[in-house]
Amino acid sequence: MTVTDSLLAAQEERFARLDRVLPPAAAPEPGELISAALPDGSRVAGVVAHTAVEPGMPPWLWSAADTYELQPLIGHTGAAGMHAVLRAFRQWLDRVGDRGWDTASTVVWPSRDVDCTRVFLDHGLQPLTVTAVRRPTTVRPPALTLTIRPAMASDEDAVVALAMAEVRYSSMVGAAITRPEAEPMRRAAIANRLGRGDDIWVAERDGLVVGLAETGVIANSPVSRTSRQLPIGLWGYVNCLSVLPGARGAGIGQQLMSVVHNHFAGHRTVGNFLHYNPPNPLSSVFWPRQGYRPLWTQWEVRPAGAMR
């Protein structure tokens, strides 16, 4: 067994103790191996994967153009091991050079590993995005004050307007970036989903569409990218929830999600998941009230060279 194999095995044991919902620790994706020594002579490692995103690619709306993701292999070493591998990551970034403002350094790590939280903060990383999960329970719907229905092709303009309202708000409080290509990209994706009859729900009041829930049911298999973060099975996914600014605070989001959650339950999903930004003053309150709790946190700093 190599050093990295033993670190991964120990890391899997650590994850199992931290949070029973976490899947087995996955081997790092391809990238450049870095390593570091601890004072006791033991070693930790990590793999740096570089992702380049161009206009037109879906991540263009929420990702830097160049992202350098560290995938730590720290075994049981906790905060000391994370500090050592982040310091090695900083040195690696110095060698490759700062690629400009549209770059990011990231680490995705279990949210409940609070021993490492202080380390991430000390190195200048911010908790910009969490993957949150919810048990697949049915919901007793609140008294509906509006009509909630599947979106139709004729709703395209209203759905795009709500989706763009969410993009603009998220760009102020999270990882999203308002780029010139944002609206045509979202329109094309929404038109495609409406054409396939995918699970897009709208809330309508007095003939006006005031809320949107863009959702889906995802089969998470061993070859799916989501298998790195979620147990295998059928999952309900919330891609976007948006309410018109002037209509917020009236319970529209809660009513939409009660319908969505019961729809997921009808598919016998093993759980529900979504992504939200902890700095978002609306999402950080709303989603826990709907039963979601953080499973993974994406720590990030932009530009990449700003990491300490």
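Residues numbered from 1 in each chain as written. Predicted model: local features only at pLDDT ≥ 70, side-chain atom pairs only at ≥ 80, totals over all residues. Heavy atoms only, no water.

(A) Spotlight on helix α5 (residues 182–196). With 15 residues, α5 extends 21 Å between its outermost C-alpha atoms, agreeing within 8% with the 21 Å of an ideal straight helix rising 1.5 Å per residue. Of all the residues in α5, the buried ones are A182, M185, R186, I190, R193 and L194. For α5, the buried positions fall inside an angular range of 160° around the axis, keeping them on one side. Away from the buried face of α5 by more than 90 degrees, exposed residues P184, G195 and R196 are located. Elements in contact with the buried residues of α5: α4 (156–173), β7 (200–205), β8 (208–220) and β9 (233–243). At the C-terminal side of α5, G197 shows a positive phi close to 75°. (Helix = DSSP H or I, 4+ residues; strand = E, 2+ residues; numbered from the N terminus. Expected span 1.5 Å × (residues − 1). Buried < 20%, exposed > 50% of the residue type's maximum accessible area, 1.4 Å probe, protein only. Arc of directions from axis to C-beta. Contact = heavy atoms within 4.5 Å.)

(B) Geometry of the sheet that holds strand β2 (residues 43–52). Sheet architecture is open: 11 strands sit in the order β1-β2-β3-β4-β11-β5-β10-β9-β8-β7-β6, paired in mixed fashion. Lying at the two open borders of the sheet, with one neighbouring strand each, are β1 (32–37) and β6 (147–150). Averaged over neighbouring strand pairs, the angle between their axes works out to 25° when direction is ignored. (Pairing = 2+ DSSP bridges. Axes fitted to C-alpha atoms, helices over the stretch in contact; angles between N-to-C directions.)

(C) Broad picture of the packing of helix α2 (residues 78–96) against helix α3 (residues 114–122). For the pair α2 and α3, interaxial distance at closest approach is 8 Å and the crossing angle is 30°. As summarised for this structure, α2 and α3 are arranged roughly parallel, according to the angle between their axes. The two elements α2 and α3 cross, and the hand of that crossing is right-handed. Between α2 and α3, the contacting residues are G78, A79, M82, H83 and L86 on the first element and D115, C116, V119 and F120 on the second. Of the residues that constitute the contact of α2 with α3, the class distribution is 6 nonpolar, 2 polar and 1 charged. (Parallel < 35°, antiparallel > 145°, perpendicular 65-115°, else oblique. Left-handed = near helix turned anticlockwise from the far one by under 90°. Nonpolar A, V, L, I, M, F, W, Y, C, P; charged D, E, K, R; others polar.)

(D) Geometry of the packing of aromatic side chains. Applying the stated criterion to the full structure yields 9 aromatic pairs. When the centroid spacing of 4.9 Å and the interplanar angle of 80° are considered together, the rings of F286 and W287 count as edge-to-face. Judged by its relative accessible area of 6%, W287 is buried. A centroid spacing of 5.4 Å and a plane angle of 80° characterise the contact between W287 and Y292, whose relative ring orientation is edge-to-face. As far as the burial class goes, W287 and Y292 line up, both buried. Grouped by ring-pair contacts, the aromatic residues F15, W109 and W296 constitute a single cluster. Residue placement shows R179 over the ring face of W60; its charged tip is 3.7 Å from the ring centre. (Phe/Tyr/Trp six-rings, centres within 6.5 Å; stacked < 30°, edge-to-face > 60°. Lys NZ or Arg CZ within 6 Å of the ring centre and 35° of its normal.)

(E) Focus on unusual backbone geometry. Cis geometry is adopted by the peptide bond preceding P303, which originates at R302 and carries an omega value of -10°. By the element assignment, P303 lies in the segment after β11 (293–301). Phi at D206 takes a positive value of approximately 55°, unusual for a residue other than glycine. Structurally, D206 can be placed in the loop between β7 and β8. Taking relative accessible area as the criterion, D206 reaches 79% and is therefore assigned exposed. Unusually for a residue other than glycine, R268 sits at a positive phi of about 55°. Examined against the element boundaries, R268 turns out to sit in the loop between α6 (252–266) and β10 (271–276). On the accessibility criterion, R268 (74% relative accessible area) is exposed.

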